[in-house]
Amino acid sequence: MTCTAEAYVPRTRDLGELAEAARSCRGCDLYRDADQTVFGEGAARAPMMLVGEQPGDQEDRQGRPFVGPAGKLLDEALAAADIDRGRLYVTNAVKHFKFTRTSGTRRIHKTPSRTEVVACRPWLFAEITSVEPQVVVLLGATAAQALLGSGFRLTAHRGEELRLPTDPDLGVDPSVVTTTHPSAILRGPAEQRATKFDALVADLQFAAGLVSG
Ligand code: URA
Ligand code: SF4
């Protein structure tokens with residue numbers, strides 16, 4: 001069986017309809033163990049869109065993107081960059097939480113496979129087509145590789161204005177900026193945290209600077 005969300009994505013640009021349809025997506029196996037679909041949310045015509053990897057434990061419980069520890073760090077970075085989250089659209093490359101259980105009840109994040117990322121991508125394309133952002137910020141390697149190809153190396157393209165590969169289905173051509181995922185800052189060595197945080201803030205400011213008007 002091919003793994004893709006395609007058959008579940010309605011032909012609409014209405015974000016509410018997309019989010020509703022995504023609740024019953026069975027495009028890959030990740031829906032089985034997660035609590036719920038975590039669709040993107042935010043301003044319907046946001047000039048800037050942020051794309052993370054996948055919901056984490058808190059996001060899965062609450063059904064909203066970036067509301068856990070990574071979301072808190074993201075909020076701090078946005079505040080430092082003087083960007084209002086209310087004017088953004090925030091989503092993830094993969095809409096269901098992938099995890100393993102430890103001996104207790106703790107659910108540990110597991111990186112989604114390439115197959116799962118590609119399966120879920122029609123939702124992300126639909127969100128980009130609907131929101132028509134001027135700038136898309138890809139947070140971390142999973143989001144970057146979802147849209148720029150599996151060979152894309154995050155560290156080689158910091159602070160660059162990139163574009164998406166030409167896709168006639170997309171109908172839009174936003175600028176693209178890639179940067180560190182907030183979780184990578186949280187998980188990384190404490191002594192590097194401040195430097196990495198400052199770099200994330202600088203990348204967000206750079207992206208915001210690409211928005212016109
Ligand atoms: N990490 C992500 O990539 N996305 C979220 O929504 C939360 C944590
Ligand atoms: Fe559908 Fe994406 Fe969830 Fe897989 S992860 S079931 S493709 S919404």
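My aim in this report is to walk through the structure given alongside it, one point at a time. Predicted model only: the values in this text are computed from it and were never measured. Starting from 1, residues in each chain are numbered consecutively following that chain's sequence as written. Chain letters and ligand numbers both follow the written order, the letters beginning at A and the numbers at 1. Restriction of local features to residues with pLDDT of at least 70 applies here, the model being predicted, together with a cutoff of 80 or more for giving and counting side-chain atom pairs; totals for whole chains, interfaces and linings are based on all residues. Excluding hydrogens and water, the side-chain values take into account all heavy atoms of the structure.

Points about the site of ligand 2
Right, so step 1: The rule for a residue being near a molecule or strand is that one of its heavy atoms must lie within 4 Å of it. What surrounds ligand 2 is the set A5, C25, G27, C28, Y31, V94, K95, H96, A119, C120 and W123.
Right, so step 2: Ten residues, namely Ala, Val, Leu, Ile, Met, Phe, Trp, Tyr, Cys and Pro, are considered nonpolar, four, namely Asp, Glu, Lys and Arg, are considered charged, and the remaining ones, Gly among them, are considered polar. Broken down by class, the residue content of the shell around ligand 2 amounts to 8 nonpolar, 2 polar and 1 charged.

What to know about the pattern of salt bridges
Right, so step 1: Throughout this description, the term salt bridge denotes a Lys or Arg side-chain nitrogen within 4 Å of a carboxyl oxygen of Asp or Glu. Going through the model one piece at a time under the given rule, you end up with 16 salt bridges.
Right, so step 2: R64 is the partner of E41 in a salt bridge, and the nearest nitrogen-oxygen pair spans 2.8 Å. Taken as a pair, E41 in strand β1 (residues 41–42) and R64 in the loop between α2 (57–62) and α3 (69–80) lie far apart in primary sequence, 23 residues in all.
Right, so step 3: Partly exposed residues are those whose accessible area sits between 20% and 50% of the maximum for their type, while under 20% is buried and over 50% is exposed, using a 1.4 Å probe and protein chains only. Relative accessible area serves as the criterion here: at 26%, E41 is assigned to the partly exposed category. By definition, any uninterrupted DSSP run of H or I lasting at least four residues is a helix, any uninterrupted run of E lasting at least two residues is a strand, and each is numbered from the N terminus.

Looking at unusual backbone geometry
Right, so step 1: One non-glycine residue, F66, adopts positive backbone phi at about 50°.
Right, so step 2: Of the residues examined, F66 reaches a relative accessible area of 6% and is grouped as buried.
Right, so step 3: You will see that E132, though not glycine, has its phi angle at about 50°, which is positive.
Right, so step 4: Checked against the element boundaries, E132 lands in the loop between α4 (114–131) and β6 (135–139).

Honestly, that's just the spatial picture; any functional story needs more than this.
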